[in-house]
Amino acid sequence: MERIKTGIAGLDEMIKGGIPLGRHIALYGGPGCGKTSFCFEYLYRGAENGEPGLYISLEETPEDIIENMKSTFPLFTRTQEFIDNKLLEIVKPDKLQLEEVANLLEERLTNAGLKRAVIDSATMIRLSFGDVAEYRQTLFEFLSLLRNLDVTTITTVEASAARRDEMTYDIEHFVMDGIINLYNLDRGDHRVRALEVMKMRGTDHSRDLVPFKVTPQGIKVYVGEKVF
Ligand SMILES: Nc1ncnc2c1ncn2[C@@H]1O[C@H](COP(=O)(O)OP(=O)(O)O)[C@@H](O)[C@H]1O
Ligand SMILES: [Mg+2]
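The model shown is predicted, which means the values in this text are computed figures rather than measured ones.

Here is what the cut-offs are and how they apply
Residues numbered from 1 in each chain as written. Chains lettered and ligands numbered in written order. Predicted model: local features only at pLDDT ≥ 70, side-chain atom pairs only at ≥ 80, totals over all residues. Heavy atoms only, no water. Helix = DSSP H or I, 4+ residues; strand = E, 2+ residues; numbered from the N terminus. Buried < 20%, exposed > 50% of the residue type's maximum accessible area, 1.4 Å probe, protein only. Contact = heavy atoms within 4.5 Å. Areas by Shrake-Rupley, 256 points an atom, 1.4 Å probe, with all protein chains shown as cover. Lys, Arg positive; Asp, Glu negative; His and termini not counted. Charge placed at Lys NZ, Arg CZ, Asp CG, Glu CD. Axes fitted to C-alpha atoms, helices over the stretch in contact; angles between N-to-C directions. Parallel < 35°, antiparallel > 145°, perpendicular 65-115°, else oblique. Nonpolar A, V, L, I, M, F, W, Y, C, P; charged D, E, K, R; others polar. Near = heavy atom within 4 Å. Polar contact = N/O pair within 3.5 Å; in protein donor to acceptor, adjacent residues only side chain to side chain. Pairing = 2+ DSSP bridges.

Asks: Could you give me a rundown of the overall build of the chain, with the residues and numbers involved?
Replies: Along its length, the chain carries eight helices and eleven strands. In terms of its C-alpha atoms, the chain occupies a principal-axis envelope of roughly 45 × 45 × 35 Å. Buried positions account for 53% of the 228 residues belonging to the chain. Taking as baseline every contact in the chain between residues at least 6 positions apart, the subset at least 24 positions apart corresponds to 70%. Surface accessibility of the chain: about 10800 Å² in total, with carbon and sulfur atoms responsible for 49%. Charge-centre separation for the chain: the mean point of 28 positive side chains lies 6 Å from the mean point of 36 negative side chains.

In structure tokens form, the structure reads like this:
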């Protein structure tokens, strides 16, 4: 089976080499959990490998993302080079609509040979719907369209709870091919970052909750270590 390596240290090992090609992953986490950093690294590692990536940001402007990522990952020195060479594109659509996101993806697939894409976040789109049933229907239609596109996507979702035992299931849990959860666990006087692969259709994967860190060189997932 063909796979797309996330390039995030330790993570590919947890999913037996990478995300199965063409699948659609949801990345869950509360604010500050590292979702944007995770998605940016996914595209940056692809660009290093010559795979064009598109970051569709529904909240922050492209300028803000570039600026924030420069401070989070000071050793990612090739961002501007990748943008200039069309290996990385960050866009903020004018409208908060899945139709707009789908159009962008289709256009870049045809014209730029897109391999990786990020949608940050689905929650922004969900909030633009007054009616949950309507969102569910639109999301289903969007995903069936994505399945016909040769691109491997990560979509972020704001987690509804901070604690692992308080997580409820959202509509995205059922429709996406894979789910990765990021946590910022409360340890009284400090917080500890942890990650788990909850679901990954088409491949075996680790079911451990493991610690991770956001370092200047990138995200590091400590496979085989315990969360304290
Ligand atoms: N230079 C840095 N060094 C270490 N951690 C950082 C740095 N810059 C940001 N962070 C961490 O990354 C978090 C933001 O991550 P982000 O990817 O924006 O999360 P999310 O998208 O889930 O809200 C910050 O709350 C901070 O803890
Ligand atoms: Mg974010």
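Asks: If you had to explain the packing of helix α5 (residues 98-112) against helix α7 (residues 132-147) to someone new, which residues and values would you point to?
Replies: The interhelical angle for the contact between α5 and α7, taken along N-to-C directions, is 5 degrees, at an axis separation of 10 Å. As the angle between them shows, α5 and α7 are arranged roughly parallel. Contact residues: Leu 98, Val 101, Ala 102, Leu 105 and Glu 106 in α5; Thr 138, Leu 139, Phe 142, Leu 145 and Leu 146 in α7. Class assignment for the residues of the contact of α5 with α7 results in eight nonpolar, one polar and one charged.

Asks: I'd like to hear about the site of ligand 1, residue by residue, with values.
Replies: The full set of residues close to ligand 1 is Gly 30, Pro 31, Gly 32, Cys 33, Gly 34, Lys 35, Thr 36, Ser 37, Ser 71, Thr 72, Arg 193 and Val 214. Taking Cys 33, its main chain carries an N or O atom lying 3.3 Å from an oxygen atom of ligand 1. For the shell around ligand 1, the elements supplying multiple residues, two or more each, are α2 (35-48) and α3 (62-72). With three residues, α2 is the largest single contributor of residues to the shell around ligand 1.

Asks: Break down the side chain of Asp 177 for me, with residues and values.
Replies: Inspection of the secondary structure puts Asp 177 in the loop between α8 (171-175) and β8 (178-186). Judged by relative accessible area, which is 2%, Asp 177 ranks as buried. Excluding residues that lie within four positions of it along the chain, Asp 177 makes contacts with Arg 23, His 24, Arg 147, Lys 199, Met 200 and Arg 201.

Asks: Describe the environment of Arg 23, and please don't skip the residues or the numbers.
Replies: Considering the arrangement of structural elements, one finds Arg 23 in the loop between β2 (19-20) and β3 (24-29). With a relative accessible area of 28%, Arg 23 lands in the partly exposed category. Separated by 130 residues in sequence, Arg 23 and Thr 153 have C-alpha atoms that sit 6.7 Å apart. Once you skip the residues sitting within four places of it in the chain, Arg 23 turns out to touch Val 151, Thr 152, Thr 153, Asp 177, Arg 201 and Gly 202.

Asks: Tell me about the pairing of strand β10 (residues 210-215), and please be specific about residues and values.
Replies: Sheet analysis places strand β9 (residues 191-200) next to β10, joined by two bridges and oriented antiparallel. When the bridges of β10 are listed, Ala 194 appears paired with Pro 211. Here β10 runs beside strand β11 (residues 218-221); their pairing, made up of four bridges, is antiparallel. Note that in β11 the partner of Thr 215 across the bridge is Gly 218. If you look at the hairpin formed by β10 and β11, you'll find two residues sitting between the two strands.

Asks: Describe unusual backbone geometry, with residues and values.
Replies: A cis amide bond, omega 10 degrees, links Asp 120 with the succeeding residue Ser 121. For Lys 16, which is not glycine, the phi dihedral falls at a positive 60 degrees. Structurally, the position occupied by Lys 16 is in the loop between α1 (11-14) and β2. You can call Lys 16 partly exposed: its relative accessible area is 46%.

Asks: Now, about the sheet that holds strand β6 (residues 116-120): what can you tell me, with residues and values included?
Replies: Strand order in this open sheet of nine strands is β5-β4-β6-β7-β3-β8-β9-β10-β11, and the pairing throughout is mixed. The open sheet has two edge strands, β5 (88-91) and β11, and neither has a second partner. Taken over all neighbouring pairs, the strand axes of this sheet differ in orientation by 20 degrees on average, direction set aside. With respect to the sheet, α3 is in contact with β4 (53-57), β5 and β10, its orientation differing from that of β5 by roughly 125 degrees.

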